[in-house]
Structures are given as structure tokens and as C-alpha cells.
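This is what each chain is made of:
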Amino acid sequence: MRVILAAAVLAAALAGAGCKPSATAPASNTQTAASPAAAPAPRPKIALVMKSLANEFFATMAKGAQEHHAAHAADYELVVSGIKNETDLGEQVNLVEQAVAQGAAAIVIAPADSKALVPALRRAQQQGIVIVNIDNRLDADAANKAGLSAAFVGPDNRDAARRVGLAVAQKLKSGDEVAIIEGATSAFNGQQRRAGFEDAMQAAGMKVVAIQSGDWEMDKANTIAANLLSAHPRIKAIVCANDNMAIGAAAAVAAAGRTPQVLVGGFDNIAAIKPLLSAGRVVATADQHADQLAVFGIESALAVLKGAKAGADRATEVDIVTAASATGPQPRP
Amino acid sequence: MRRRQFPPQSDLLVLLLVLGALVALFGLGTDGFLGKATLGSIANRIPALMLVSTGMTLLMVTGGIDLSVGSVLGLCGAAAGVLMVDDAWGLGPALAASIALGALVGSINGWISVKLRLPSFIVTLGMLEIARGLAFLATHSQTKYIGAAIESVGAPIAGWVVSPAFLIALGIVVLGQLLLSRTVFGRHLVAVGGNVEAAAISGVAVDPPRIWAHALLGGLTGLAAVFNCSRLGSADPNAGVGFELSVIAAVVVGGTSLRGGRGSVLKSLLGVLIVATLEAGLVQMGASEPVKRVVTGCVIVAAVLADTWRRRT
Amino acid sequence: MILRARHLTKRFGSVVALSDVSFDLRAGEIHALCGENGAGKSTLIKLLSGVHPYGTYAGHIEIDAGEARFRSVRDAAAAGIAVIYQELAFVDELTVAENICLGTEPARWGFWLDRNQAQRRAAEVLARFGIALDPATPMRSLGVAQKQLVEIVKALARDSRILILDEPTAALAEHEVERLLAMLEELRGRGIACIYISHRLDEVFRIADRITVLRDGATVCTLAPAATDASAVVRHMVGREIGELYPRKARLRGPALLEVEDLAVADERGRQRLGGISFALHAGEVLGVGGLMGAGRTELLMHLYGAWGRRTAGRVTLSGRPVPGEPASVLRSGIALVTEDRRRFGLHVEESIAFNLSLSSLGAVSRGGLLRPGAEQKRNADCARSLRLKADKLSAPAGRLSGGNQQKVVLGKALLTGPRVVLLDEPTRGIDIGAKLEIYRLIDGLRADGCAVLLATSELPELIGLSDRILMMRDGAIGGRFEDGAAIRPEDLLRAAIGAAPRPGRL
């Protein structure tokens, strides 16, 4: 009896909710004052879906976006969301769906996985939402098969990684042993950075003795680096696909007391890496201008919303940062 | 001396009230929350949680617990992914295989806990690690992209708001409640969980219900794994990390006791809805991830306190 | 007059537990308090001991002619009142000395436990009351009776002047009861007053100076034992005329159903606990099993049911076929057990009465695994009616019933399986007189229906009153067999239980 009663109540609640129209009322009335004659166009809502906001890189990205929004508040509404760690794909799908439900006009997303987010993004695009892909490129095959087209705004990860690798290799002798700690293996940007490191090491004549995945996480990289140091006593450098992992690796190197002998390279140029750069525990990193990445993505989305054709991919600048240039960018070699 | 007694129906009402209050709160506090789209998106993200909470309720009624459900979710999803991509199995057979694998793992958990008389907490803690490792091995630590073949289950049905996954999960919740309240098996579950010695003296075989409850939970987790994969179009070996905590939270909020003997699948469903609505609402309001976790944790503690207070009066 | 309670009234919501109760106690008096369960004895005790503080009841309590306003149990203890409950309040893990000093531990500099001082204090108190017990003994190794003595000593160590004992002899054997009563008499001599709550009227009449009877929350009367007798007291307690305490027995004995031959059973540690047990149980008879605590009655019944022990010799057959070795199968073969500890082994106290009644026989009200609620409800209602179960609704939790009604539920659960043999272990322990009578009636009904009943009980009057034949157990074996109920004398039974020179008896 109670089962039936409860099921009925539930059904009624869902039905009742379904009947209510989705609220899309504009949050501010400034438009009305400006153009009384025409009906005010509501500001489009742009949803910025990040990876883990615990990673300083994405926090900087979000901050940059918010600063841009503050300067252009009249043009659009911004909603920023992130997931709790680098690998919670299910949660990121939830965030995409929620953005859709909230009536977002565009979604600017740094996907945690290059393939798994495709279905949810395609569903969003089918509802007329503009999708802009930043930071980690969606898998081209999967996107094509699903019929998803999203412009990519981001750096050439491979080239940037190559440059970091060379900066590190400069301080080594030919034939030295090096290791690579890569990001999540199914992330496109991670794959690209690994390839870039390999390019660099090959060009400089170094011996790559190990490649392992740290899943972008500091803890994991720390453990992996510690293991590498004991397994390869003659190792001379560990290059990591992001700064979080580089910090972890540098800590392992320091704990083993081999800081001057083993060089560490990173990627992202987060604030936390700067002291390590000055102290010489990390040799080089790449600055993707995180604060700009999101902004470029948002600008791209706004352009499409205003009527421009779906943008082509846009490559963003990357600067290599070393201890010497920690205060400013270095010219490309 | 008769103490004032709250009728059991009142817990159901309290849960509905809390749910209603949350919906109203978020509906007023944000825009778009009460729309079909948001509620639909909540409905479509919870089928896995609904299924596993149903199974977990039945198990917790017997006094057991399973901490490995998150890992098993990942493992079964990985198995389904591998079968569909590498061996070109269809959705149906892969689904059956996932359920079977989950049931097998559950049976192992159950058999070891019951026959060797080890606390299920410890046994499933070990299985949590084993299953997760196996999931990574099966997929070579990479997400396995499956594609359209699996997506139809989790995507909203054209014209409706909800997905087939949600409807199937709802049906199973109803079946689960009927199993608990209207079958001999259900009675045995309650008897074993409430007082196993009295149950034995009363002539109830006390081992089979517990093992079956573990197996059932495992099978439901296998089904949930496929639903989960359909949302990503892929099998993610990391799927389900921390999932067991969400399940236990939902079941506890729904009023099932961790000590066994009392439980209701229906109330666990309300627990699921409350937890999911809370999370969705907090995201809608722009709360950061840490804030979400703190608030959700407080709600769970409040639910347990309310339950304990009610028992004392 | 050391304590005076005047016009006490206590309500719990709409239920009136005590209504205008007045009671007084003199120094050096043993004042017995009698009444059925639910009569208000526990509530009165809780008021006197500070569990229900001043302000939650109407009326007043005076101690030494000064008004007592207890705000907590501590206040009452400070005023010299100590309660010894049925569920003893000690800590198994600690020693005797530590338990005696619990709450008043001697400590150096306020927090460092002074073990020697505790030992000395405990030894002194034990000696004062003539109890030969080493204070360093762990509580766990003591028997129930000894634990109770420690409880009393603990109360006395705090200079209590008023002891309240709640059913103190319920779990004691005959000689332990003797010792307790002797101790109380000695305390009386020292001026300590006692409120003695008990159902055992023989003890009450032996030791009490006055008897107060409560019924339905009110005082009925206060009597001097010399001026009255047991049946008058029972009449006051129950409020109605009772016929014979035990139903009349007609000889109904049929063929032998359960046959036990040379049974020997060891426990899980391999120690032999039962040996050389042989008897036959016939349809339509009640075979009583008596003996002191530890004689093996419960072990025998539990073993026959397949719930305890490993058989090392002998056979048990039901109508010629061997009896299975585990409870579910034994139940199916037609043997039911009503256990001694009903809260632990007999009931699911948080579940409804209906749940409990049906649990052993769900097959009869289900089809293909699916329960048939209509059939179940009807059957439960019929069962409750024939048991004369006093409960508002069958959906209420079983734990809230009185002891007697709980026992009826356990009995009902067993009877609904339609057994041919019923094993009863202490079926009337902790139950008030009215409910006892009803259970006796039910047992007699079982006899009349042709069931074979094996009744284990420690109450001799009950054993003699209900049984057709009696087996007295001693140290795991049969110490004596007695036929023909009317001719049995309690002394003979006791002799067989203790092992004094056996009188000639027939097999």
C-alpha cells in the first residue's frame, strides 16, 4: 500500500515539475533601460567546465575567465564549474548536462578525457549549444563518428613539450638517462606532451629509460619518481607532463638527496612551481597562459553566438620558463 | 509505560518533506532548477545510484555491508567495454556478462564473509582493491571508447525527459521493495539482520540469505555499470571511485540502519533523490566542490542524528 | 520511620503509572513489595532512587522526616538509597575490588588510581559482612549469585541505609537464595532497611516484616505476614478469585514419541557436559526436568533441538526416526523449542508481534516464496486470540510487550509450526502471576491435544504442579526419576538434585 502511495506521489511530483516552463529570466535589467523600444535580448549564459579546480592551473584559468567576465559583464553570464580530481569523468558529464539544463548558450570545456565526454557534448550540441574545446583536445575520430564538431582553442602541446625537453636536455650530456612521467594516458594533450618530450630527447640524443603515467596527480608522480630513482641510479632527468607532477617528482628527488644530479621539468607554470624554479629544483616549464586560454575560448564562443561561423581551431602561445626567465617570457628558439 | 511512538509512515513523510524543501529551496534560489531539463538531468544521472542503493539496502538489512561496489562498478564496466570493443559483442550479451560478473564478485564477497565468519566490512575492503586493480588491467589503464552502441540506454528517450536507464532502475526499485516486504526471502533478511541467534532458533537458515544478498547487490552493480558506461559512451577504469560512499550515504539518509534489521528500499530511493538533488542544487548555486562536500556531509550526519533521536523517543 | 512516600502520582503522557501511592519504611525493616508486572513497582523504585527526578511526579518523599528532592540518581545515593537491579550493574572486565569502588575510586592527587587502597577498602567491607571473597578476583569468573553479593556489598560500602532489591532471587539456586536471605536478615539486625520486590511468596513470607501489594499503579494494602497467607496476597495482586493454581491433570499418556538413549554430549571445548541420559517422552504428557543451575537442563533441551553441543554417544529418535542435527530441520520434523532467554534467542524485539509469530512457519502463509498478507494476518489474529495475548495491535514491536505476553509470542511462534513435541525451557521466568496461569493453561492444552511436552523449570512448585513425571538432573546426568505427580515431595526432588542419599524411586 505504502509502495503505491509513494510511487504515486513521486510520479505526481515529476509530472508537476515537467509542466512548469523552464525559467530563463534574465538576471539584470540593465538592457531594458538601454533599449526601451526593442525587447531586451537576454545575456547568453556561457558555462566554463574545467577539470580539477584543485589544480592551480585550472584555478588560474577560471580566474582569468572571471576577470574577463567582470570587464564584459554586459555581454554574457558566466558559470564556472569543476570536478574534484583529474579523473572523475562521470561528474564532468553531470556538469555538462546541468549546464544544458540551466539553459547555457555555450559550453567551453577542458575535458578530463578525450573520448568519454563526446556523447554528452554531442547531446548538448544537438540542442543548439555552442561547444568550444580548450586545453585538452577531444579525440577527432570519436568526435567525427558521433557527429560532434567543436573548435579547439589551445596550444600545440607537442611542440611546447619538445621545447621544455630541449631546455632540460641542454644541461645534460648526450647518452644520459632520462625518464618521462606522462599525464592520463587517454588524454590527448597528455599524449601530445609525451610525444613532444620523446621528440626532444631523441633529438638531443638522450636515453629514455622509463615512461609512466602519473595521471596528472602530485602524489602519484611522487611515488613513481621515488621508484624510478631507486630503479635507475644513473638517471639524470625526469620530465613531467604537468607542474603538479613535477612538484611531486622534485620532492622525491629532494627526499633521495639527489637534487643537483637529477633535473626535473614540468608544464603549466603554476604559481607553486616558481619557488622551485628559483631554487633550481625544477629546471624548466611551459606557460600556456592559462588565464588566457579560457578567455580565448569564451571569446570564440561569443563570436559564434553573435553569428560568426563556427570557429576554426586556434593555436595559443606557449612560453618556456626557466629560472632565468621566471620573471618574464623567453623568445622562441 | 508506553512511550510515544512515531508510526513508520512518518519517516517516509519526513523524507518527502525534506526532498520537497530542497526542491523548493533550490527552485527559489536559482533559476531553471524546477524545469523539466534540470529534473530530467537529475533523473538521468541517478540510475546507477538507484540500483546499487537498492541492493545495498537489502544487504545492510542483514547487517552486512559492501565497500567494493565502486570498484566492481568499474570492473564490470571495463569488462563490458572490452567485450563490446575488442570482441564485438552486442549490448545485450555484454549487459548479461556485466551482471553475471557482478553477481560472481558479490557471491565471493558473501561466501567469504559468511562461511569464514569474517566481517563483510573487511572482506569487501579487500575486494575494493582487487576489483579496481582488475579493472585497470582489463582496460590497460585507459578509457575504452564504446560509442553509440551503448549510449541509447542512458540517453533521454525522444520526447520524454527520462532515459530507459531511469525507468528500468525505477522498476527495479519497486521490485526490490516488494522483495523485502512481501516475500519469505525478505522476511529472512530482516530476521537474520535483526537477531541472528533468534532467527537460527526460529528455524531460519541463516547463511543463504546473506550470501544471496551479496550476490544480488553484485548483480545490480553489474547492471549499474553498463548504465554508467552509457553516459560516457566509454568504459572508464576509474569509474565508481568513491561511489560506495554515495551509496551508503543515500541508504543511511533513507533510514536504513548500519546495524541491520531495519530498512526500506523505497526510503533509500528518497535518500538517493535527496542526495542527488542536494548536489545538483549546490552546483546550480555555484557552490565550489569543497563546499558541496561539506554540505553533503553535514546532511548525512543530520540524517543519522535524526534517526537516532527518533529511535530513543 | 526512615522513609515515607506520600501520594505519589506519576504519569507518562496519558498513561498513569502510579496513582496516589503511599508507602513507608522503618529502619531495620524488610518490607516486601508485591504486584504483577505493570503494577507500578518499577516506577515506584525509580522515583525513590532518583531516576525520575523531583518535579516529574506529584506527591512527596521524606527521608528522616526531611523532604527529599532528588535531582538525579546521585542525590538519592548520597541520601543512602541503593538499588540492586535484576540486570546487575557491574563491569565484567574489572575485579571485585574495582567494582566495589566504582564511582568512588580512591586516587592519589585526584586522578592516579590507588589500587592498594581500593583492595584494602574492598577487603574490609567484604569482611565486615562475612563474605569470603578475594577482592582481586575478576568479576567475570564469579557466578550470578556471587555477583549479586558483590552488588550488595558495593551498595553497603557507600553507607547505604536503604537497599532496594528487585527480584534478587530470580537467577539463584536454592542454596544461594538461602545465603542471600540470611545476609538480608543480618543487615536487618544492623539497622539497614530493605525494600524487597519478589514474586516468590514463600521467600516473602519467610523474611518480610510487612508486605505491600500494588495493583494497577495503586496501593491495595499493607499486611503483616503473620496475619495473612500466600493465596490472599495473590488475590490482592490479581484482584480476582483464582481457582487452583495448577490445572487438574487427567492421565492422557499416549505412545512414546521422543526416545533418548544413552545420550552423551560435549561442548565446543570438548568437555563432556551431558552423559548417560536416557528417557522416553510420550504423547499427551508433560515430562518435567528439574535441577540446580548448571545441572544441564538448558543444554539438554538445546541439544535435542540441534542448537548446541556435539553428540559423543547415544541416539535420539522421533517416532523411530533419528532426529536431525540442526534447528531448521528439527523444527520441520515436528519438534519446537521455547528458549530460556527470550530476548536473546526467542524474539526479534524491534520487529512487530506479527513478524515474530510468523517467523518459524512462513511456508504456511506464502505461495512460491510470495507472502499472502491476508492469510498471515488471519492466522496471527487467531493465534493471538487463542493465546489471549494482551496487545493493542499485532503491528506493535514485540519488545514493548510485558514479559508474560512476550513469552506467549515465543510460544505462539513455536506452536504455529504444528509440532508434536514441545521443549519448554523456563517458560515462566520473570513473568507475573496472571500470565503464569495462562501459560500453565496453554501447557495443559498442549497435553490435551496429544503433544509431548518436555518442561525444564527451576521452580519446584511449578515442576510438581505441571508434570506427569519428573526427571531431576545433576551435573549433566539424571539424578532421579519420579512418577505420579501427586506423591512427589519437594524434598525428594531437592535431594536428587543435590545428590544426597537416593531414595528408592521407580524408573
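Residues numbered from 1 in each chain as written. Chains lettered and ligands numbered in written order. Predicted model: local features only at pLDDT ≥ 70, side-chain atom pairs only at ≥ 80, totals over all residues.

**Quick word on the overall build of chain C**
Across its full length, chain C carries 17 helices and 24 strands. The C-alpha radius of gyration of chain C comes to 25 Å, within 12% of the 23 Å expected for a compact globule of 507 residues. Counting only C-alpha atoms and orienting by the principal axes, one finds that chain C spans roughly 70 × 50 × 50 Å. Counting over 507 residues, chain C shows a buried share of 43%. Long-range pairs, those at least 24 residues apart, make up 67% of the contacts in chain C with a sequence separation of at least 6. (Helix = DSSP H or I, 4+ residues; strand = E, 2+ residues; numbered from the N terminus. Rg over C-alpha atoms; globule rule 2.2 N^0.38 Å. Buried ≥ 20, exposed ≤ 12 C-beta atoms within 10 Å, placed from the backbone. Contact = placed C-beta atoms within 7 Å.)

**Observations regarding the sheet that holds strand S14 (residues 272–282) of chain C**
Note on sheets: strands pair through backbone hydrogen bonds, and any given pair is parallel or antiparallel. Residues and elements named next belong to chain C. A sheet is described by the order of its strands in space; here four strands give the open sequence S14-S13-S16-S17, paired in antiparallel fashion. With one partner strand each, in any of the chains shown, S14 and strand S17 (321–322) form the two edges of the open sheet. Where strand S13 (residues 256–266) meets S14, seven bridges bridge the pair, whose relative direction is antiparallel. Across the sheet, valine 265 pairs through a bridge with leucine 274, a residue of S14. Packing of helix H9 (residues 297–304) onto the sheet brings it into contact with S13, S14 and strand S16 (310–318), and relative to S14 it is tilted by some 65°. (Pairing = 2+ DSSP bridges. Axes fitted to C-alpha atoms, helices over the stretch in contact; angles between N-to-C directions.)

**As for the arrangement of the chains**
In this assembly, two pairs of chains are in contact, and the pair contributing the most contacts is chains A and B. Nowhere do chain A and chain C come into contact; their C-alpha atoms are at least 12 Å apart.

**A short note on helix H15 (residues 433–448) of chain C**
Taking 1.5 Å as the rise per residue, H15(C) with 16 residues should run 22 Å; its terminal C-alpha atoms sit 23 Å apart, in good agreement. C:Ile433, C:Ala435, C:Lys436, C:Leu437, C:Ile439, C:Leu442, C:Ile443 and C:Arg447 are the residues of H15(C) that are buried. (Expected span 1.5 Å × (residues − 1).)

**Points about the sheet that holds strand S21 (residues 421–425) of chain C**
Residue and element names in this part refer to chain C. Read across the open sheet, the six strands follow the order S18-S21-S22-S15-S23-S24; overall the sheet is mixed. The open sheet has two free edges, formed respectively by strand S18 (335–338) and strand S24 (477–482), since each of these has just one partner strand. Within this sheet the neighbouring strands show an average axis-to-axis angle of 20°, counted without direction. Running at roughly 35° to strand S23 (residues 469–474), helix H17 (residues 490–498) makes contact with strand S15 (286–290), S23 and S24 of the sheet.

**Observations regarding the packing of helix H2 (residues 36–45) of chain B against helix H13 (residues 265–284) of chain B**
Residues and elements named next belong to chain B. Contact pair H2 / H13: the axes reach a minimum separation of 10 Å and the direction vectors enclose 130°. Comparing the axis directions of H2 and H13 gives the class oblique. The hand of the H2/H13 crossing is right-handed. Across the interface between the two elements, Thr38, Ile42 and Arg45 of H2 pack against Ala276, Thr277 and Ala280 of H13. (Parallel < 35°, antiparallel > 145°, perpendicular 65-115°, else oblique. Left-handed = near helix turned anticlockwise from the far one by under 90°.)

**Structural notes on the confidence of the model for chain C**
Residues and elements named next belong to chain C. Of all residues in chain C, 92% have pLDDT values of 70 or greater, and the mean over the chain is 84. Of the regions scoring below 50 in pLDDT, residues 501–507 engages in nine contacts with residues more than four places distant in sequence or in other chains. Here the prediction assigns the complex a pTM of 0.74, and the interface score ipTM is 0.86. (pLDDT = per-residue confidence, 0-100.)

**Points about the pairing of strand S7 (residues 207–213) of chain A**
Residue and element names in this part refer to chain A. Note: strand S6 (residues 177–182) against S7, six bridges, orientation parallel. Directly across from alanine 179, in S7, lies its bridge partner alanine 210. In terms of handedness, the path from S6 via helix H8 (residues 188–204) over to S7 forms a crossover that is right-handed. (Right-handed = clockwise from strand over helix to strand, strands pointing away.)

**Comments concerning the packing of helix H3 (residues 47–61) of chain B against helix H8 (residues 164–182) of chain B**
All names here are of chain B. The geometry of H3 relative to H8 is characterised by a closest axis approach of 8 Å and an angle of 15° between their N-to-C directions. By the criterion of interaxial angle, the relationship of H3 to H8 is roughly parallel. In terms of crossing hand, the pair formed by H3 and H8 is left-handed. Residues Pro47, Met50, Leu51, Thr54, Leu58 and Val61 of H3 pack against Ala165, Phe166, Ala169, Ile172, Val173, Gly176 and Leu180 of H8. Looking at the contact of H3 with H8 residue by residue, the class counts come to eleven nonpolar, two polar and no charged. (Nonpolar A, V, L, I, M, F, W, Y, C, P; charged D, E, K, R; others polar.)

**A word on the interface of chain B and chain A**
With 39 residues of chain B at the interface, the matching set in chain A holds 41 residues. Top element by residues in the side of chain B that touches chain A is H2(B). It accounts for six residues. Tallied by class, the residues present in the side of chain B that touches chain A amount to 15 nonpolar, 17 polar and seven charged.

**Brief notes about the interface of chain B and chain C**
On the chain C side, the residues contacting the 22 residues of chain B number 25 residues. Broken down by element, the residue count for the side of chain B that touches chain C peaks at six residues, all from helix H9 (residues 184–194) of chain B. Split by residue class, the side of chain B that touches chain C holds ten nonpolar, six polar and six charged.

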